[in-house]
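# Secondary and tertiary structure notes
One-letter residues, chain by chain:
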Amino acid sequence: RNVLGRIEMDSLIIPCHGTFILNPEYQIYTDLDRLENLCEKMMTTEEPEVLEGLYRDAGELYRGNLVPRIDYCHWLIPYSVHYSNLYLRAVRRYAERMLEEKKYHEAEQAVVENLTLFPQDGILHACLVQALRGQGNVYHANMVHKAATGYLVDDEEISYKKHNEI
């Protein structure tokens, strides 16, 4: 509180029942709130240009190790999983939308960037195969498909495999 007092923010933290809490009179907007907002907008936005900007902003936030993975802080695990799933769903949406718009290079780039974070996600692998095929790189698409076959097991991915035989 002393440090906050130097910048006239000592009322941000208030004593409560022998400990300190954030003052409920302050409205605090965190990077987690911002990520959640960006991902929610990505799920509903139809404009490819707007979606690209949202994707860039969300990616910058998420890649910064937004929710740390600390082994002895078990209470963080549900938060980490929540934000990871939220971001993954938004990335999938972005890649699928870019494929719909035939922006294959953008879809490929997004998938490749995010496969480092989600290497076993079958939908991202399926999107990568489709993006490569869309760019006319059938040989590379076949190689990726063959390597990712073990990850393509969900209903959506099986459907993808049936309708997009290579």
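Residues numbered from 1 in each chain as written. Predicted model: local features only at pLDDT ≥ 70, side-chain atom pairs only at ≥ 80, totals over all residues. Heavy atoms only, no water.

With that settled, the discussion passes to the packing of helix 4 (residues 77-100) against helix 6 (residues 122-134). Between helix 4 and helix 6, the shortest axis-to-axis distance is 10 Å and the interhelical angle comes to 20°. In terms of orientation, helix 4 lies roughly parallel with respect to helix 6. Seen along the crossing, helix 4 lies across helix 6 with a hand that is left-handed. Across the interface between the two elements, Leu88, Val91, Arg92, Ala95, Glu96 and Leu99 of helix 4 pack against Ile123, Leu124, Cys127, Gln130 and Ala131 of helix 6. The class makeup of the residues in the contact of helix 4 with helix 6 is eight nonpolar, one polar and two charged. (Axes fitted to C-alpha atoms, helices over the stretch in contact; angles between N-to-C directions. Helix = DSSP H or I, 4+ residues; strand = E, 2+ residues; numbered from the N terminus. Parallel < 35°, antiparallel > 145°, perpendicular 65-115°, else oblique. Left-handed = near helix turned anticlockwise from the far one by under 90°. Contact = heavy atoms within 4.5 Å. Nonpolar A, V, L, I, M, F, W, Y, C, P; charged D, E, K, R; others polar.)

Here we come to the environment of Ile14. Residue position: Ile14 is located in strand 1 (residues 13-16). Considering only alpha carbons, one finds Ile14 and Pro24, 10 residues apart in sequence, at a separation of 9.2 Å.

Here the focus is the confidence of the model for the protein chain. Residue-level pLDDT values for the protein chain average 85, and 84% of them are 70 or greater. Across the protein chain, the secondary-structure element scoring lowest on mean pLDDT is helix 8 (residues 155-163), at 48, and the one scoring highest is helix 5 (residues 104-115), at 96. (pLDDT = per-residue confidence, 0-100.)

Scanning the model with the defined rule gives seven salt bridges in all. The salt bridge involving Glu52 is made with Lys103; its shortest N-O contact spans 2.9 Å. Remark: Lys103 occurs in the loop between helix 4 and helix 5 and Glu52 occurs in helix 3 (residues 48-62); sequence separation between them is 51 residues. Its relative accessible area of 16% is what places Glu52 among the buried residues. Its relative accessible area of 22% is what places Lys103 among the partly exposed residues. Residue Arg92 is joined to Asp121 by a salt bridge in which the shortest nitrogen-to-oxygen separation is 2.3 Å. With a gap of 29 residues between them, Arg92 in helix 4 and Asp121 in the loop between helix 5 and helix 6 connect regions that are remote in the sequence. With respect to class, Arg92 is no different from Asp121; both count as buried. (Salt bridge = Lys/Arg side-chain N within 4 Å of Asp/Glu carboxyl O. Buried < 20%, exposed > 50% of the residue type's maximum accessible area, 1.4 Å probe, protein only.)

Topologically, Arg93 is positioned in helix 4. Here Met42 takes part through its backbone oxygen, which lies 3.4 Å from a polar atom of the side chain of Arg93. For Arg93, the side chain forms a polar contact with the main-chain oxygen of Thr45, separated by 2.7 Å. Contacts of Arg93, omitting those with residues within four sequence positions, involve Met42, Met43, Thr44, Thr45 and Glu46. (Polar contact = N/O pair within 3.5 Å; in protein donor to acceptor, adjacent residues only side chain to side chain.)

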